[in-house]
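Here is how the chains run, residue by residue.
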Amino acid sequence: MSHPVGAQEPARPKEAPRDAPKEQTQPAKPNPPRASSLDELFERLGKAQSEREASGIATLIERRFSRSGSDTADLLLSRAAEAFGKKDFPLSIELIDRVLALQPNWAEAWYKRATVFYQLDDPVGAMADLHRALKIEPRHFNAWTGLGHILMASDDKARALQAYRKVLEINPQMDDVKTIVTRLSPEVDGQDL
């Protein structure tokens, strides 16, 4: 049985008559909201009107800090956090050392290692790592807070107050730090710095 020649050709789309209305094009979908840059988040943090608002913005900043750009380094740091949670501080240090070998300019890794050193009762190591974190990211308010706590513990109240004031320059709504500054200011401001 044979088919007509035209039946074996691929089907062609029919052309619309010239006077037919053209198809309506779909309106472009709106772009998803652009993620705020770290600078924009810090600007919003400085202008926050309540501790609750500031806390939300600070959480967004901390999430940014917790990403290095390397999946391997991020995974190692999360494992270090698990070890820290289990109080396996030597393993936590070992894992963070590996992170820092991969990402030496990651302020959050230096901050996390400082936290472990502090738990190991090594304030000198902790301070060195906090200074390194702050050299990389001078707006790291958690590192400034940690530095203030270490300085307070070593009875260096004047420098502790400077660190706490730096926290409030970055994040003015931190009520716990405001309380410390309010309590410490009269004691220190009368002393020569």
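Keep in mind that this is a model prediction, so the values were computed, not measured. (Residues numbered from 1 in each chain as written. Predicted model: local features only at pLDDT ≥ 70, side-chain atom pairs only at ≥ 80, totals over all residues. Heavy atoms only, no water.)

Asker: Looking at this structure, how should I read the overall build of the protein?
Answerer: Summing up its helical and strand segments, the protein has nine helices and zero strands in all. When the helices and strands of the protein are read in sequence order from the N terminus, they spell out α-α-α-α-α-α-α-α-α. Among the 193 residues that make up the protein, the fraction classed as buried is 36%. A separation threshold of at least 6 residues defines the contact pool for the protein, and within that pool the share at least 24 residues apart is 50%. On the protein, roughly 13,100 Å² of surface is accessible, and the fraction owed to carbon and sulfur atoms is 52%. (Helix = DSSP H or I, 4+ residues; strand = E, 2+ residues; numbered from the N terminus. Buried < 20%, exposed > 50% of the residue type's maximum accessible area, 1.4 Å probe, protein only. Contact = heavy atoms within 4.5 Å. Areas by Shrake-Rupley, 256 points an atom, 1.4 Å probe, with all protein chains shown as cover.)

Asker: Would you explain helix 3 (residues 71–85) in this entry?
Answerer: Quick reminder: α-helices carry 3.6 residues per turn. Residues three or four places apart thus point the same way. The terminal C-alpha atoms of helix 3 lie 21 Å apart, and with 15 residues this matches the ideal 21 Å at 1.5 Å per residue to within 8%. Residues Ala73, Leu76, Leu77, Ala80 and Ala83 constitute the buried set of helix 3. Angular distribution of buried residues about the axis of helix 3 spans 115 degrees; they occupy a single face of the element. Away from the buried face of helix 3 by more than 90 degrees, exposed residues Asp71 and Gly85 are located. The elements touched by buried residues of helix 3 are helix 4 (89–102) and helix 5 (107–119). Lys87, located one to two residues past helix 3, shows a positive phi value of around 60 degrees. (Expected span 1.5 Å × (residues − 1). Arc of directions from axis to C-beta.)

Asker: Explanation requested: the packing of helix 8 (residues 157–170) against helix 9 (residues 175–189) in the structure shown.
Answerer: The angle between the axes and the distance between the axes are what describe a pair of packed helices. For the pair helix 8 and helix 9, the least separation of the axes is 9 Å and the interaxial angle reads 140 degrees. Judged on the interaxial angle alone, helix 9 and helix 8 are oblique. For the element pair helix 8 and helix 9, the recorded crossing hand is left-handed. Residues Lys157, Ala158, Leu161, Tyr164, Arg165, Val167 and Leu168 of helix 8 pack against Val177, Lys178, Ile180, Val181, Leu184, Ser185, Glu187, Val188 and Asp189 of helix 9. (Axes fitted to C-alpha atoms, helices over the stretch in contact; angles between N-to-C directions. Parallel < 35°, antiparallel > 145°, perpendicular 65-115°, else oblique. Left-handed = near helix turned anticlockwise from the far one by under 90°.)

Asker: Sorry if this is basic, but what is going on with the packing of helix 3 against helix 4 here?
Answerer: Remark: helix 3 packs on helix 4, axes separated minimally by 8 Å, with the N-to-C direction vectors making an angle of 165 degrees. As judged from the angle between their axes, helix 3 and helix 4 are roughly antiparallel. For the element pair helix 3 and helix 4, the recorded crossing hand is left-handed. Between helix 3 and helix 4, the residues in contact are Thr72, Ala73, Leu76, Leu77, Arg79, Ala80, Ala83 and Phe84 and Phe89, Leu91, Ser92, Leu95, Ile96, Arg98, Val99 and Leu102, respectively.

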